[in-house]
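# Residue-level structure breakdown
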There are 2 protein chains.
Amino acid sequence: MLGRIWRLLIGPVLSTRRARHERLPVLLALPVFASDALSSSAYATEEMMLVLWSAGEDALRLAFPISLAVVALLFIVVFSYRQTVYAYPQGGGAFIVSRENLGEFWGVLAASALLVGYVLTVAVSIAAGVNAIISAFPALLPYRLSLCVLFIALMTYINLRGARESGLVFAPPTYGFVLTFAILILVGLARGFAGDIQPAPYPPYGEGAQALSLLVILTAFARGCSALTGVEAISDGVPAFKSPESRNAALTLLLMALILAGLVLGITYTASYFQVLPVKNEQGEIIETLTSRLARTVLEGTPFEWFYYIVQAATTLILILAANTAYVDFPRLSSVLANARFAPRQLANLGDRLVFNNGIILLGLLSALLIIYFRGDTHSLIPLYAVGVFIGFTLSQAGMARRFARLKPPRWRIGMLISGFGAFTTGLVFMTQLVANFRYGAWITLVSIGVLMFLLFKVHEHYMTIKAQLKPKPSEPQPVRHRVLVLVPSVHQGVLQALNYARALAHPDEIEALHINVDPRPPAVYRRVLKRTKDEETELRLVTPAAEKMQQEWRQFVPDIPLKIIDSEHRSLVEPIEDYIDELIEQEQLDQVTVIIPEFYPRKWWHHLLHNQSAWILRLALMKKPKVVVSTVRYFLER
Amino acid sequence: MLGRIWRLLIGPVLSTRRARHERLPVLLALPVFASDALSSSAYATEEMMLVLWSAGEDALRLAFPISLAVVALLFIVVFSYRQTVYAYPQGGGAFIVSRENLGEFWGVLAASALLVGYVLTVAVSIAAGVNAIISAFPALLPYRLSLCVLFIALMTYINLRGARESGLVFAPPTYGFVLTFAILILVGLARGFAGDIQPAPYPPYGEGAQALSLLVILTAFARGCSALTGVEAISDGVPAFKSPESRNAALTLLLMALILAGLVLGITYTASYFQVLPVKNEQGEIIETLTSRLARTVLEGTPFEWFYYIVQAATTLILILAANTAYVDFPRLSSVLANARFAPRQLANLGDRLVFNNGIILLGLLSALLIIYFRGDTHSLIPLYAVGVFIGFTLSQAGMARRFARLKPPRWRIGMLISGFGAFTTGLVFMTQLVANFRYGAWITLVSIGVLMFLLFKVHEHYMTIKAQLKPKPSEPQPVRHRVLVLVPSVHQGVLQALNYARALAHPDEIEALHINVDPRPPAVYRRVLKRTKDEETELRLVTPAAEKMQQEWRQFVPDIPLKIIDSEHRSLVEPIEDYIDELIEQEQLDQVTVIIPEFYPRKWWHHLLHNQSAWILRLALMKKPKVVVSTVRYFLER
């Protein structure tokens, strides 16, 4: 029943043969792999300017210079990653690169940072996407959290059905986003230089304003670095490119960097020029984003005010695509970890629709929890986000530097210099992130990564212990001393069938039949019987009438196997049976006992509620005993 | 772990031998069996007067006459029941009497009415008990519902531990209650006749007042009849009396009737005399009960105002005892029904503490739900209560009348007359209840009884069908065509051990080993392998490297049994195995297949999360197949 509903929702099972990917040319690969990185421009400037704003109007003049620094960093990272895509044409994510070159510990660290990062990608992107919707339709403000959760549920569902990473699906929203923002920035600059719009003065910050200090500048830089999140995606997906894979990937990487740089610089410059800031309400919640304000300012008074809604729609769409990237990468990395025996095996199972169901569900749950905890507030989530991403950057590039030193390919000195410089810079930025954002939540990311690493290693250790224990040892098949024990609740057709089965497994001499007398009579009647006795002896004979009736019936139907009847003083089935088995194993020096539990199999599901409770309890108790194998022999009822 | 916590809370297991009951002399039997009936006087007058109040001050003059009618009915019922205790010295509840004399249908109807009645007894008694507490401490008003649920939880817990129906425990609160109210009534009458207290005028009813009509009077009478609830208890418990059981029981019945009549008449008379009514707040909730008002009025201005708290404490205690009666009777009746195969077997299990755990838990849940639904309001619960009780009265007495007619014992005409008259009167009152209370909730009781009857018959039918199917048929033990199928996830020590076990069950020729190749490789890698092939043929050979490696390893460790490897196109384990088994059974004309699933048994509970998921899924799928017996062979890990 449940299975059928699942099938209806998720769609029919797909054959493994259908797991083919398209090979993407550069122009289609760009939208697939760059949506995550490009979408960051929707919030990076905002986060940077929010920090500067708190230090007053003068500090906001630093926004553009800081964005220049961010872009410089972007190019350092991108040039370093271009080397990775050449070195790893089969795909070189941070996990693979650092595990191969720096060792297992660093690989697991990178994997943990990536996994935590994916969860944050979903949370931040969805929260920012919902912010874009709310900016356009302020009436939806009270439903912010519900919208976030709804979107996550929707994305989880779509990905369980198996969304294809199709270039044709990704191209329109990604290029649409780039194009809309290009138009917006150009129109803005033109109108600005023509003196068509007069910048309004900055609104005051309100409570919590502070003096401009180095820490403020570093924090603004650190927040601005959220623009770099998602840059690493291409290095992981080289095999999906059209041949020559590495060259195309490197080209895409460069294109992406140029577009992203244009967006970040353009948005920051125009926003600074028009003195635009996000709008907060009295509770300090952001109710309109910076890009939304920017679009309104630029388009105000023109006949193209409707274009504002296009801008918001494009922003929302690309942010949702970005979240989708995490939905593809998180389950994939989890399955890689599971196959390397670092994560539970369930995460390695390819589901009916050729996706890793469990990973998708896990990601959906974790990001929903995160977004609920932070009430869908992008501004609180960003400080958690970048710190993990920069761990990945640093490890990946350090790994590359190490690789050059190790393998010494042609021109390895230059390569090592680029990667080494990249690792050094991103490492420095990681430290900056840590210092600047620690108390704003970066510590949560660090703790999560630490806990995750611990768990991964713990799981790995367990699987390795087991692997060692399970190593097959060649040995002669030895004769097994074996008994079959049939449990007899009463003499009925199901028991007779179970006995027949037992006879197929063993000689009648090796079969035992056991009945436990729990006396279900209510105390009022029981008391009357007991009254007449004084000592144990007579009491033992007391149960005889019922037991003897059973013995007679038994002998009539089962002449070849004797029935043992044991009284259970405490009305428990389990303990006397356990005791009996223990004794049997010890006395007869057995290697194995097969316990046969006869059970009815009723025709309707609700009939199960009326039967077999004791069979369940028995199975649970007996499965803990070595040398005991429990076999349930079912008697299928016809009516 | 959970088991240990349960044991700690519930106490150690008790031996069946300890299931003895004390034999009660009349003076100790009275409190045990009469607490339910006597406690009704705490709310019967209140309910009656509330109805009359709505028809104005004049209508309230009818309170005492109506209570006389109630008492008259009480004696009719009691005289009829005196005959029952003589006829059924082994205990004659409504279920037994009507089943034996009127037939199965009426017996099940009586049982359903009784079960529903017990749930209502708990709900009404606990709600009324909490009302008594709130009357004394109005600050607790906001916690009414929480207090009700707390009391139910507490009673469920105490009864799971196994509360003894001890006369010595019941005597103080029951006699205490009778004594306090006797004092209260006598002091009240004395002060009233002495002119010490002037009756205050009745407060106006407020909204919803109506004209005095026959329906109002009948409704008041119907509500007043709630005083009779619990009267039937003695007839069920005759065996618990000291010898001569029946005579002592009849005597107790009479004593109880006299005391109850005194209480009802006394409370109604004094309340009418002082013109006392319960206090309602603006929401129409009763915030002080009639008996509490009565006690305050009588004691006001005397040096014995503290006695008020004694009255309230005694009221609360006896109401809780009354609820406890249901906690003993509901599980007992359920177990009788279960043993007669009308209720699920679980209800017949005598628990560790010699009580019927499942019945107690069920009662607790149902009454808690009821009390939550009615927000702990006695006034809404009473209309549901009496109607079911009167079904029991009517059936029980009709059964007795039928019995006299059938068995014709000495002086059977008089007996039949008494019982017949009782049945007629209570039947009439049942109709009155139905008409007067139908729209106030009596329909809920009727529907519940109807649904319950349907369920009981449905369960009975099912058990009877099964019994017929399970009737053992004598037959020669036939040779069984049997195969053992060992499922092989990979070649490891656990599988080798499972094979060893299989060899104990069957000859190597009858053992098959099966591996399902689900190819857990992620699509990115898989694709590359598939790319090189065009037709099915080559693809089939594709899996060969891994499969061949496995075959080699297999042959090394298991020379005598060949391994079959099947590719699973949809990565599912279950379907190919099911198909294989179906084919095997058909081809080889098998009677039975034993499927051996090797499983690890890890040392720590959380390790289970990392293993054996597919074993679980397989077991669930295969248990639906006839002719298949699933055996899980566990390999116990040492580390």
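Residues numbered from 1 in each chain as written. Chains lettered and ligands numbered in written order. Predicted model: local features only at pLDDT ≥ 70, side-chain atom pairs only at ≥ 80, totals over all residues. Heavy atoms only, no water.

### Comments concerning the overall build of chain A
On a plain count of helices and strands, chain A comes out with 24 helices and 7 strands. Taking 26 Å as the expected radius of gyration for a compact globule of 639 residues, we find that chain A reaches 34 Å, considerably beyond that expectation. With respect to the principal axes defined by its C-alpha atoms, chain A has extents near 110 × 60 × 45 Å. Going through the 639 residues of chain A one by one, you find that 57% of them count as buried. If you take every contact in chain A between residues at least 6 apart in sequence, the share linking residues at least 24 apart comes to 81%. Across chain A, the mean location of the 57 positive side-chain charges is 6 Å away from that of the 47 negative side-chain charges. (Helix = DSSP H or I, 4+ residues; strand = E, 2+ residues; numbered from the N terminus. Rg over C-alpha atoms; globule rule 2.2 N^0.38 Å. Buried < 20%, exposed > 50% of the residue type's maximum accessible area, 1.4 Å probe, protein only. Contact = heavy atoms within 4.5 Å. Lys, Arg positive; Asp, Glu negative; His and termini not counted. Charge placed at Lys NZ, Arg CZ, Asp CG, Glu CD.)

### Some thoughts on the packing of aromatic side chains
Residues and elements named next belong to chain A. A full pass over the atoms with the stated rule returns 34 aromatic pairs over all chains. Taken together, a centroid distance of 5.5 Å and an interplanar angle of 15° make the contact between Phe33 and Phe241 stacked. Here Phe241 lies in the loop between helix H11 (233–236) and helix H12 (245–273) and Phe33 lies in helix H2 (residues 26–39), a separation of 208 residues in the sequence. In this pair, the class of Phe33 matches that of Phe241, namely buried. (Phe/Tyr/Trp six-rings, centres within 6.5 Å; stacked < 30°, edge-to-face > 60°.)

### Looking at the domain arrangement of chain A
Looking at the assigned domains, one finds that chain A contains domain 1 (22–463) and domain 2 (482–636). Taking the mean C-alpha position of each, domain 1 of chain A and domain 2 of chain A sit 64 Å from one another. (Domains from an automatic or database assignment.)

### Describing the side chain of Arg223 of chain A
Inspection of the secondary structure assignment puts Arg223 of chain A in helix H10 (residues 214–224). Despite its burial, Arg223 of chain A remains without a salt bridge, the nearest opposite charge being carried by Glu47 of chain A at 4.1 Å. (Salt bridge = Lys/Arg side-chain N within 4 Å of Asp/Glu carboxyl O.)

### With respect to the packing of H2 of chain A against H12 of chain A
All names here are of chain A. Two elements in contact, H2 and H12, have axes whose closest approach is 9 Å; the angle formed by their N-to-C orientations is 50°. By the angle between their directions, the pair H2 and H12 is classed as oblique. Between H2 and H12 lies a crossing whose hand is right-handed. In this structure, H2 uses Val26, Ala29, Leu30, Ala34, Ala37 and Leu38 to contact H12, whose residues at the interface are Asn248, Leu251, Thr252, Leu255, Met256, Ile259, Leu260 and Leu263. Among the residues making up the contact of H2 with H12, the classes are represented as 12 nonpolar, 2 polar and no charged. (Axes fitted to C-alpha atoms, helices over the stretch in contact; angles between N-to-C directions. Parallel < 35°, antiparallel > 145°, perpendicular 65-115°, else oblique. Left-handed = near helix turned anticlockwise from the far one by under 90°. Nonpolar A, V, L, I, M, F, W, Y, C, P; charged D, E, K, R; others polar.)

### As for the sheet that holds strand E5 (residues 563–567) of chain A
Pairing within the open sheet is mixed, and its 10 strands lie in the order E5(A)-E4(A)-E3(A)-E6(A)-E7(A)-E7(B)-E6(B)-E3(B)-E4(B)-E5(B). Strands with a single pairing partner mark the edges of an open sheet, and in this sheet they are E5 of chain A together with strand E5 (563–567) of chain B. The mean angle between the axes of side-by-side strands here comes to 25°, regardless of whether they run parallel or antiparallel. Here strand E4 (residues 511–517) of chain A pairs with E5 of chain A via 5 bridges, running parallel. (Pairing = 2+ DSSP bridges.)

### Regarding the confidence of the model for chain A
In this model, chain A carries an average pLDDT of 86, and 92% of its residues clear a pLDDT of 70 or more. Confidence drops under pLDDT 50 across residues 520–533 of chain A; counting only partners more than four residues distant or on other chains, this segment forms 26 contacts. (pLDDT = per-residue confidence, 0-100.)

### Some words on unusual backbone geometry
Residue and element names in this part refer to chain A. Look at the link from Ser243 to Pro244: it is a cis peptide, with omega at 0°. Structurally, Pro244 can be placed in the loop between H11 and H12. Positive phi outside glycine occurs at Gln275, with the angle close to 50°. Residue position: Gln275 is located in the loop between H12 and strand E1 (279–280).

### Observations concerning the nonpolar core
Membership of the largest hydrophobic core comes to 143 residues, with the highest contact counts inside it found for Ile126 and Val231 of chain B. Residue contributions to this core peak at 21 residues, all from helix H7 (residues 104–136) of chain B. Of all hydrophobic cores here, the second largest spans 142 residues; its members include Val130, Phe330, Leu347 and Ile360 of chain A. (Core = buried A, V, L, I, M, F, W, Y, C linked by side-chain atoms within 4.5 Å.)

### Details of a negative patch on the surface
Among the surface-exposed residues, Glu575, Asp579, Glu583 and Glu586 of chain A lie close enough to one another that they form a single negatively charged patch. The exposure class assigned to Glu586 of chain A is exposed, which follows from its relative accessible area of 64%. (Patch = residues over 30% accessible without salt bridge, like charges linked within 9 Å, V, L, I, M, F, W, Y side chains within 5 Å. Areas by Shrake-Rupley, 256 points an atom, 1.4 Å probe, with all protein chains shown as cover.)

### Here's the deal with the pairing of strand E6 (residues 592–601) of chain B
All names here are of chain B. For E6, the buried fraction is high: 10 of the 10 residues fall into the buried class. Both faces of E6 are covered, namely the face carrying Gln592, Thr594, Ile596, Pro598 and Phe600 and the face carrying Val593, Val595, Ile597, Glu599 and Tyr601. Of the strand pairs in this sheet, strand E3 (residues 482–487) and E6 are connected by 5 bridges, and their pairing is parallel. Bridging from a neighbouring strand, Val486 pairs with Ile596 of E6. One ladder, built from 9 bridges, connects E6 with strand E7 (residues 628–636); its direction is parallel. Its bridge partner being in E7, Pro598 is matched across the sheet by Val633.

### Some points on the pattern of salt bridges
Residues and elements named next belong to chain A. Under the counting rule described, the total for this entry stands at 26 salt bridges over all chains. The salt bridge involving Glu512 is made with Lys564; its shortest N-O contact spans 3.2 Å. Here Glu512 is found in strand E4, whereas its partner Lys564 is found in strand E5, with 52 residues between them in sequence. A residue is classified by how much of its surface remains accessible, and Lys564, at 37% relative accessible area, is partly exposed. In this structure, a network of salt bridges that share partners links the residues Arg483, Glu512, Lys564 and Glu588.

### A few points about the pairing of E7 of chain B
Among the 9 residues that make up E7 of chain B, 8 are buried, leaving the element largely enclosed by the rest of the structure. Pairing of strand E7 (residues 628–636) of chain A with E7 of chain B, which is carried by 3 bridges, proceeds in the antiparallel orientation. Its bridge partner being in E7 of chain B, Ser631 of chain A is matched across the sheet by Ser631 of chain B.

### Digging into the side chain of Ser226 of chain B
Considering the arrangement of structural elements, one finds Ser226 of chain B in the loop between helix H10 (214–224) and helix H11 (233–236). Take Ser226 of chain B: its relative accessible area is 0%, and that puts it in the buried class.

### Some thoughts on helix H9 (residues 167–193) of chain A
Because each turn of an α-helix spans 3.6 residues, side chains separated by three or four positions end up pointing in the same direction. The end-to-end C-alpha distance of H9 of chain A, which contains 27 residues, comes to 38 Å, matching closely the 39 Å that a straight helix rising 1.5 Å per residue would cover. In the stretch just after H9 of chain A, Gly195 of chain A is the one whose phi turns positive, near 75°. (Expected span 1.5 Å × (residues − 1).)

### Side note on helix H7 (residues 104–136) of chain A
Taking 1.5 Å of rise per residue, the 33 residues of H7 of chain A would be expected to cover 48 Å, and the 48 Å separating its terminal C-alpha atoms lies within 8% of that figure. Most of H7 of chain A is tucked away: 30 of the 33 residues are buried.

### Brief notes about a nonpolar patch on the surface
A contiguous nonpolar patch, built from Phe438, Trp443, Val447, Val451, Phe454 and Leu455 of chain A and spanning about 590 Å² of accessible area, is present on the exposed surface. By secondary structure assignment, the location of Phe454 of chain A is in helix H18 (residues 442–470).

### A few points about the packing of H2 of chain A against helix H3 (residues 41–53) of chain A
All names here are of chain A. Between H2 and H3, the shortest axis-to-axis distance is 5 Å and the interhelical angle comes to 20°. The angle between the axes of H2 and H3 places the two elements in the roughly parallel class. On H3, the residues touching Ala37, Leu38 and Ser39 of H2 are Ser41, Ala42 and Tyr43. Tallied by class, the residues present in the contact of H2 with H3 amount to 4 nonpolar, 2 polar and no charged.

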